[in-house]
Amino acid sequence: FKAPFNMQLVHVSCSNSTANAGTLKIGTTSDDDAYLAAENFGVSDAPVEVSTFAGFDGASAASQFPHIPDGTVVKLTITDHASHMAAAAVVLTFTEG
């Protein structure tokens, strides 16, 4: 998606309904893990949360809540490993600024 204004990513939650964990990366079209390096999905409907500075471990985040400029194309990469996830869900929370 394209950022509609300057924003800050402050929370990520992801899960799936099986016992098989895939990964989620959040970044840009030029750096797919700029904001969040490969985070394992929660399993069996138990979400994993990233909500602290240190959790945002991508190079552009530098262990801070990532600031995303207006117009940036934000890329979410979900990798489903050989064991396969089902009913994967990702929730992102942003603040303006």
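Preceding this paragraph is the structure being described.
Here is what the cut-offs are and how they apply
Residues numbered from 1 in each chain as written. Predicted model: local features only at pLDDT ≥ 70, side-chain atom pairs only at ≥ 80, totals over all residues. Heavy atoms only, no water. Core = buried A, V, L, I, M, F, W, Y, C linked by side-chain atoms within 4.5 Å. Buried < 20%, exposed > 50% of the residue type's maximum accessible area, 1.4 Å probe, protein only. Helix = DSSP H or I, 4+ residues; strand = E, 2+ residues; numbered from the N terminus. Contact = heavy atoms within 4.5 Å. Salt bridge = Lys/Arg side-chain N within 4 Å of Asp/Glu carboxyl O. Pairing = 2+ DSSP bridges. Axes fitted to C-alpha atoms, helices over the stretch in contact; angles between N-to-C directions. Phe/Tyr/Trp six-rings, centres within 6.5 Å; stacked < 30°, edge-to-face > 60°.

Engineer: Explain the nonpolar core to me, please; I cannot follow it from the model alone.
Structural biologist: Where a protein is soluble and globular, its nonpolar side chains tend to be buried together. Within the largest apolar cluster, 19 residues are counted, with the highest numbers of intra-cluster contacts made by Leu9, Val12, Leu24, Ile26, Leu36, Phe56 and Ile68. Contributions of two or more residues to this core are made by β1 (7-15) and β2 (23-28). Residue contributions to this core peak at 5 residues, all from β1. Setting aside its immediate chain neighbours within four residues, Leu24 contacts Val12, Cys14, Leu36, Ala37, Ala38, Glu39, Phe41, Leu76, Thr77, Ile78 and Val90.

Engineer: Honestly, the pattern of salt bridges in this entry has me stumped. Any pointers?
Structural biologist: In a structure, side chains of opposite charge can pair up when their charged atoms sit close to one another. Under the criterion given, the structure shown has 1 salt bridge. Where Asp32 meets Lys25, a salt bridge forms, and the shortest distance between an N and an O atom there is 2.9 Å. By relative accessible area, which is 24% here, Asp32 ends up partly exposed.

Engineer: Please explain the sheet that holds strand β6 (residues 74-79) as it appears in this structure.
Structural biologist: Picture the strands of a sheet paired through backbone hydrogen bonds; they go either parallel or antiparallel. The strand order across the open sheet built from 3 strands is β3-β2-β6, with neighbouring strands paired in antiparallel fashion. Looking along the sheet, the strands with just one partner apiece sit at the ends: β3 (36-40) and β6. Taking each pair of neighbouring strands and ignoring which way they run, the sheet shows an average axis angle of 20°. Both β2 and β6 contribute to a ladder of 6 bridges, which runs antiparallel. Each residue of the ladder has a partner; that of Thr28, found in β6, is Val74.

Engineer: Could you clarify how one ought to interpret the packing of aromatic side chains in this entry?
Structural biologist: The description of two aromatic rings rests on the distance between their centres and on the angle between their planes. In the structure shown here, the tally under the stated rule is 3 aromatic pairs. Note on Phe1 and Phe94: the rings are 5.9 Å apart at their centroids and 80° apart in plane angle, and the pair reads as edge-to-face. Of the two residues, Phe1 sits in the segment before β1 while Phe94 sits in strand β7 (residues 89-96), which places them 93 residues apart along the sequence. Of the residues examined, Phe1 reaches a relative accessible area of 43% and is grouped as partly exposed. The interplanar angle of 70° and the centroid separation of 5.8 Å between the aromatic rings of Phe56 and Phe65 together place this pair among those described as edge-to-face. Here the aromatic cluster, defined as three or more aromatic residues joined through ring pairs, consists of Phe53, Phe56 and Phe65.

Engineer: Help me understand the side chain of Thr23 in this model?
Structural biologist: Tracing the sequence through the fold places Thr23 in strand β2. Owing to a relative accessible area of 10%, Thr23 belongs among the buried residues under this scheme. Excluding anything up to four places from it in sequence, Thr23 contacts Ala38, Glu39, Asn40, Phe41, Thr77, Ile78, Thr79 and His81.

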